[in-house]
Amino acid sequence: MSITVYVPGDSGAIALGANQVAKVLLQEAEQQGLDIQLVRNGSRGMYWLEPLLEVMTDAGRIAYGPVQAGDVKSLIAADFLHGGAHPLKLGVIEELDYFKRQQRLTFARVGLTDPVSLDDYLQHDGFRGLKNALNMSGADIVKQVTDSGLRGRGGAAFPTGIKWNTVLNTASEQKYIICNADEGDSGTFSDRMIMEGDPFVLIEGMIIAGLAVGATQGYIYLRVEYPHAEQALNAAIATAYQAGYLGDNILGSGKRFELEVRLGAGAYVCGEETSLMESLEGKRGLVRFKPPLPAISGLFGKPTVVNNVISLASVPIILDKGGDYYRDFGMGRSRGTLPIQLAGNIKHGGLVESAFGLTLRELLYDFGGGSASGRPIRAVQVGGPLGAFLPESQFDTPLDYEAFAQIWAVLGHGGIVAFDDTVNMAEMARYAMEFCAIESCGKCTPCRIGSTRGMELMSDIISGQNPAKNIPLLRDLCNTLLNGSLCALGGMTPYPVLSALNHFPEDFGLDDQADAAA
Amino acid sequence: MSRYEKDFGTPASTSEQLVTLEIDGFQATVPAGTSVMRAAASIGIEIPKLCATDSLEPFGSCRLCVVQIEGGRGMPASCTTPVNDGMKVVTQNKQLADVRRGIMELYISDHPLDCLTCSANGDCELQDMAGAVGLREVRYNPVETHLNAAKDESNPYFSFDPSKCIVCSRCVRACEETQGTFALTIDGRGFDSKVSPSQNQPFMDSECVSCGACVQACPTATLMEKSVIDNGVPEHAIVTTCAYCGVGCSFRAEMKGEQVIRMVPHKDGKANHGHSCVKGRFAFGYATHKDRITKPMIRASIKDAWQEVSWEEAINHAASELKRIQAKYGKDSIGGITSSRCTNEEVYIMQKLIRAGFGNNNVDTCARVCHSPTGYGLKQTFGESSGTQDFDSVMKADVIMVIGANPTDGHPVFASQMKKRLRQGARLIVVDPREIDLIKKSPHVQADYHLKLRPGTNVALINALAHVIVTEKLMDEAFVNERCDLASFTKWETFIAQEQHSPEATEAITGVPASDVRAAARMYATANNAAIYYGLGVTEHSQGSTTVIGIANLAMATGNLGHDGAGVNPLRGQNNVQGSCDMGSFPHEFPGYRHVSDLETHQLFENAWHAELNSEPGLRIPNMFEAALDSSFMGLYCEGEDIAQSDPDIKHVHAALRAMECVIVQDIFLNETAKFAHVFLPGSSFLEKDGTFTNAERRISPVRRVMSPLAGYQDWEVTQMLSNAMGYPMNYSHPSEIMDEIARLTPSFAGVSYEKIDRLGSVQWPCNDEAPEGTPVMHTEHFLRDNGKGLFMLTEYVATHERTTRMFPLILTTGRILSQYNVGAQTRRTDNVAWHAEDRLEIHPHDAEERGVKTDDWVGIKSRAGETVLRALISERVQPGVVYTTFHFPESGANVITTDNSDWATNCPEYKVTAVQVTKVSHHSEWQQQYHDFSEEQMNLLEQAATHS
């Protein structure tokens, strides 16, 4: 009877040496005549423990980590295959505190199953949502999603059910489902993890979306820097076609849904839904104006659902367990769970899926264990490069879209990047402008010229030139960007810039906040 | 008229549903789908804007036009926000002003501050907007700028100065949306974004066709006419009509005093909707070219030097010569040739002079050699010698069939509209021996079928299409039963169903695979709306009239007549082909296509003109040449036409001209024909006279004098003087009086007047009591034949006599190119030669290989009629066995090779089929050498006139 060993195929784990671990493990097993079955699972999301090796034992799945190739011999010698003691032994994976405290709905299978095994997926509640959906009307599916309170996890937090309803009610011979998998925010990786670790759940979500709104074609617009996700998705899509989950007769229902992966061309702005569609149509990734909404006139001018990976991957459990089940998680108008990504200067970086309502402080210290450097955390940026910087005084803010909006911050895609007290926030503000300058599509004037001027202006401010002129100019520029930009790239760049200025005026050469506001 | 046209920012909505909203407290009621920006402009509220202009779809990039909407979030752009009922919009407040000023400050941080010396000073939207938003200071300390970007001066007509570019993309969008060439793009992104012709190439090396839409769209001096750079901005504008092709674009001649600074296509022009091509917009310099002859001249023989004389002397001399010849050789020994380039009024009084003053019907026009088969074929079948639609009809067509026409070169502005419709999804069938640009060289346009037939087999192909429609029962029986002559239909149905017309049977003749013919026929017949557009590739054949009739049969059988999106549409070559034919310039017809023998009409004109008129048709152009060589036609008055270059078998034409005793040429240049002339009467260009042109869609448009005639008289005045000298009095004081006479005597023009044309901008005939504002689409209720029914006619295919043999194994066919016009007299005297400085012989690689010919080699082209030499251009556009050339340069001698074969019904020459042999040579042909010597001699004789004076 062979023993199942799990070494993540997640690219984060691979970056930390997982492939070498797997290779050496197989070599050693063959040499030593050990009967093992190696599964390249997804990552459990505890990256400081990667490569995290698990072995299936009678006592459950025992974890060892972080494991390097050189550790394999000693692990074997310690009989890790039967849960033997070893300095790297962590115990039963589900009992690890970091993991145990989470509420994994969307990520329920990530790390647990073989990502490209349909059987494994089915054994772990896979395609149950789809089977329900196949017996429902489009309107009923949309209602479940609306009832669940699910809001777009890409960052804008628009209610998914309302978007779907618009597409459902817009008559057209052809409609599309687009999965926005151009995950480009710094410090975010939840999309990648789920595509690598449980691609079927995304596929299932997209099929359900297609059934809900009457779309027969889906595209996953995947950032080109995610080759492992591409492999996993394509393998899973091929399997799903073979097994009749995709194609022109889904599980014999007579209903149709086609799906393919399209690679982006490496522009951050193509994560913006309208330029994503331009890119998907084969054009320059230029932002379109709205209206018309993509839900009414989207890809190739047809009604189109554009949803983030996590939004779509959350749909199967909603259709499996009902909108009310999902809705019971969370707080206020932020329902369900949010996969949070802890990154930057943090001791325990990784993925935490939990119901809305945790505070930043809980995340940074209870989960994250404080900064990696051991110094005080001075600021965090939440929601990617366009998110606001929050000072320590705001660490008790609960993760809730409205609570964040109240303090002029955003949750975005759930990425949290921590900085310790060595950070210079004026440099961070300059970087925010630089990021905008590098990634601007160049269509609208505020973003096209303003980001470059902002970068130059921040350089002047950092070098102490004429703050009496330059600080008000920076505020005016931010006002122009905020109100004048065509899309959120230019429109949100003021968030990091102004939050840095407002909360950390001393880094801008100003004595206090009053000066900063002048 | 004001220098500039009002810009509403976004295109008009065509919705019939009205929406009422409130803008800054004022009510506006506009069609649904209108932008907030346009709605505001409609009530006089100007919202600042830079990237928006009403010729282009909204883009939303400059962000200057932001507004606030009650109950809405943020500041949406007014150009991209459609109106809603009850919407309340604020266009001005402090918050909006702050954002606008902030944007303008960014623009100006990357813009040269040289307004006072900038060519757009006073005509710059950026300058206007900086003023409108109240920018007073630029506080930035810019490091990165585009201020040192290099200029591109490669285009002869406009310069590109990227240092002044604000990246509004109007040029890029104009190239895409308006012109459909997609030559421009934005290269790079963010701050690096810049306008790039093709792959970052100079304009002249790019795909740019120099239509100038980008220059017109540019809000700054980035893309600027060199004429404006040289002369400054214009101070007044006059609306007139282009004198190039049959599209008949409306232009605003933008002037400084009597100098044309630039031609800007008129937004309200109904034929062109504000678009133009490289000829109309830029190639007007010929009008003031040094070659213009501005003094009347006479000489006794063509061996003599010219002698400049007074107008009085020239006119009297011409009249006395014509009278002398009539006295010696008889009344019928003189005649006149008029031109499709002349105004309607000029043509009308020319034929009046000939019919009433000369006393014969020896008047013909250059339409003889282009669209006479159209006149014949459509008159026979539909009852009227004209196309059935307006140009805008194409926007409703679902299938477009282009036969023997090359719209992107020959009718570029209409081609742009057609391409727009094709990009919207209409299907395209092209019938042409050569691969024209529409087939697959136009971005986002591709022909579904290219029926690449052998030259000369049009009738066989049209019959095959009809055969499929009849035998597969794809006809519109209701239309045929209700609208057509049933007896003729039954006969035709039986005829066309015969097996010899099947695609399988005709494949051997046409070379077009039967399956393609069947598929194309089905596509045409089953479309909701299918339209046919055709050109000289249809008419200039020995069976030109038969093909026109065949096309008419196709349209009738499928019910594609009488409504938008359908029809039979001849694309007229010259500006006034339609009009000159309408005006009675054919020897057998009075104005309005009424036969000279028709008693009632004859009486009408005799009474009106107070003259005895001949009821026998006069000589056609080729008959005039024959008669000249027989010494029975000895005097010719030729206005605006260059028969010595444009007519077939040119050696024969030259011989005929030499045989005449008095050739009077009225033209703006000493053209080829004038080299054989005895009297030269200097003409006036379209910029120097009043009148009207009628385009391919029967649209009568105003031609307005914007500068004084260089020679003192407008052409109609010269003809009037000659008439008076001949003893037939004419006393028009203005061309409007001529039009009034035309209206009185011609039922289809009964409602036309200058007052109406000025009021409506243009009017499409028939214009009379039944259709007081004109007729965009004809035959809507019934055909204009006597019984109101469309007539089917049999179209037996008869192969041309011109066949390939071992001696002449290739077929030569001809066509034209975008940058040059017809015989080139105008365009060769402009910078358009930068695109096309010589005619080339296109030859397929196989045929070239066989002859050892490479591109740029000199090749002799020899036919049964003659021989000429051109440089070769190896190209797969032509099929093996077919060679092709343009005919824009006299020294090319294209018509040395063409033969005297012609259309059986109208004598339209068979320009499109000449059997030739092509060989590699090392020097010009004998004819070319003779032409060169003769031309040089004539130029010397002209120079002597100039030095005498």
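Residues numbered from 1 in each chain as written. Chains lettered and ligands numbered in written order. Predicted model: local features only at pLDDT ≥ 70, side-chain atom pairs only at ≥ 80, totals over all residues.

Asks: Mind showing me how you'd approach the environment of Ala415 of chain B here?
Replies: All names here are of chain B. Checked against the element boundaries, Ala415 lands in helix H12 (residues 412-423). For Ala415, a count of 29 C-beta atoms within 10 Å gives the class buried. Ignoring sequence-local partners within four residues, the contact set of Ala415 consists of Pro407 and Thr408. (Helix = DSSP H or I, 4+ residues; strand = E, 2+ residues; numbered from the N terminus. Buried ≥ 20, exposed ≤ 12 C-beta atoms within 10 Å, placed from the backbone. Contact = placed C-beta atoms within 7 Å.)

Asks: Whenever I open this one, the interface of chain B and chain A confuses me. Can you help?
Replies: The accessible area lost on association of the parts is a frequent measure of interface size. Tallying the contact residues gives 30 residues for chain B and 29 residues for chain A. Top contributing element to the side of chain B that touches chain A by residue count: helix H2 (residues 94-108) of chain B, with six residues. When its residues are assigned to classes, the side of chain B that touches chain A shows 15 nonpolar, nine polar and six charged. (Nonpolar A, V, L, I, M, F, W, Y, C, P; charged D, E, K, R; others polar.)

Asks: I tried to follow the domain arrangement of chain B on my own but got confused; where do I start?
Replies: We note that the domain assignment places domain 1 (18-133), domain 2 (158-288), domain 3 (297-370 + 577-764), domain 4 (372-570) and domain 5 (810-934) within chain B. When grouped by side-chain class, the residues that make up the side of domain 2 of chain B that touches domain 4 of chain B number seven nonpolar, seven polar and no charged. (Domains from an automatic or database assignment.)

Asks: Hey, could you run me through the domain arrangement of chain A in this one?
Replies: If you check the domain split of chain A, you get domain 1 (3-96), domain 2 (118-326), domain 3 (329-420) and domain 4 (425-517). Put simply, the middle of domain 2 of chain A and the middle of domain 4 of chain A, counted by C-alpha atoms, are 35 Å apart.

Asks: Please explain helix H8 (residues 160-168) of chain A as it appears in this structure.
Replies: It helps to recall that an α-helix has 3.6 residues per turn; residues three or four apart then point in one direction. All names here are of chain A. The buried count for H8 comes to seven of nine residues, which makes it a mostly enclosed element. Along H8, the residues classified as buried are Thr160, Gly161, Lys163, Trp164, Asn165, Val167 and Leu168. Those residues of H8 that are buried lie in contact with helix H7 (138-148), helix H10 (199-213), strand S9 (304-308) and helix H13 (309-313).

Asks: Can you walk me through the packing of helix H19 (residues 445-462) of chain A against helix H20 (residues 467-484) of chain A in this structure?
Replies: When two helices pack together, their arrangement is given by the angle between the helix axes and the distance between those axes. Residue and element names in this part refer to chain A. Packing of H19 against H20 leaves a shortest axis separation of 10 Å and a crossing angle of 155°. The angle between H19 and H20 falls in the class roughly antiparallel. As for the relative orientation of H19 and H20, their crossing is left-handed in sense. Contacts between H19 and H20 involve Pro446, Cys447, Gly450, Arg453, Gly454, Leu457, Asp460 and Ile461 from the former and Pro467, Asn470, Ile471, Leu473, Leu474, Leu477, Thr480, Leu481 and Gly484 from the latter. Taken together, the residues of the contact of H19 with H20 break down into ten nonpolar, five polar and two charged. (Axes fitted to C-alpha atoms, helices over the stretch in contact; angles between N-to-C directions. Parallel < 35°, antiparallel > 145°, perpendicular 65-115°, else oblique. Left-handed = near helix turned anticlockwise from the far one by under 90°.)

Asks: Explain the packing of H8 of chain A against H10 of chain A to me, please; I cannot follow it from the model alone.
Replies: All names here are of chain A. The geometry of H8 relative to H10 is characterised by a closest axis approach of 8 Å and an angle of 50° between their N-to-C directions. By the angle class used here, H8 and H10 are oblique. Contacts between H8 and H10 pair Trp164, Val167 and Leu168 from the former with Ala209, Ala212 and Val213 from the latter. Classifying every residue of the contact of H8 with H10 gives six nonpolar, no polar and no charged.

Asks: Just to check I follow, could you spell out the nonpolar core for this structure?
Replies: If you look at soluble globular proteins, the nonpolar side chains tend to sit buried side by side. Membership of the largest hydrophobic core comes to 315 residues, with the highest contact counts inside it found for Ile178 and Val380 of chain A together with Ile400, Ile429 and Leu465 of chain B. Here this core gets eleven residues from one element, more than from any other, and that element is H10 of chain A. In this structure, Ile315, Leu670, Tyr713 and Cys767 of chain B belong to the second largest nonpolar core, which totals 107 residues. (Core = buried A, V, L, I, M, F, W, Y, C linked by C-beta atoms within 7 Å.)

Asks: How do you make sense of the sheet that holds strand S12 (residues 337-344) of chain A when you look at a structure like this?
Replies: In a beta sheet, neighbouring strands are held together by backbone hydrogen bonds and run either parallel or antiparallel to one another. Residues and elements named next belong to chain A. Sheet architecture is open: five strands sit in the order S13-S12-S16-S14-S15, paired in mixed fashion. Looking at strand neighbours, the two that pair on one side only are strand S13 (350-355) and strand S15 (389-391), the edges of this open sheet. If you compare each strand with its neighbour and ignore which way they point, the axes differ by 30° on average. Relative to strand S16 (residues 415-420), S12 is paired through four bridges, and the arrangement is parallel. (Pairing = 2+ DSSP bridges.)

Asks: So what exactly am I meant to see when it comes to the sheet that holds strand S23 (residues 635-639) of chain B here?
Replies: Residue and element names in this part refer to chain B. As summarised here, the arrangement of the seven strands in space is S13-S12-S25-S24-S23-S14-S15, forming an open sheet in which the pairing is mixed. Each of the sheet's edge strands pairs with one partner strand only, and the pair in question is strand S13 (307-308) and strand S15 (363-365). Where strand S14 (residues 334-338) meets S23, four bridges bridge the pair, whose relative direction is parallel. Bridge pairing in S23 places Gly335 opposite Leu636.

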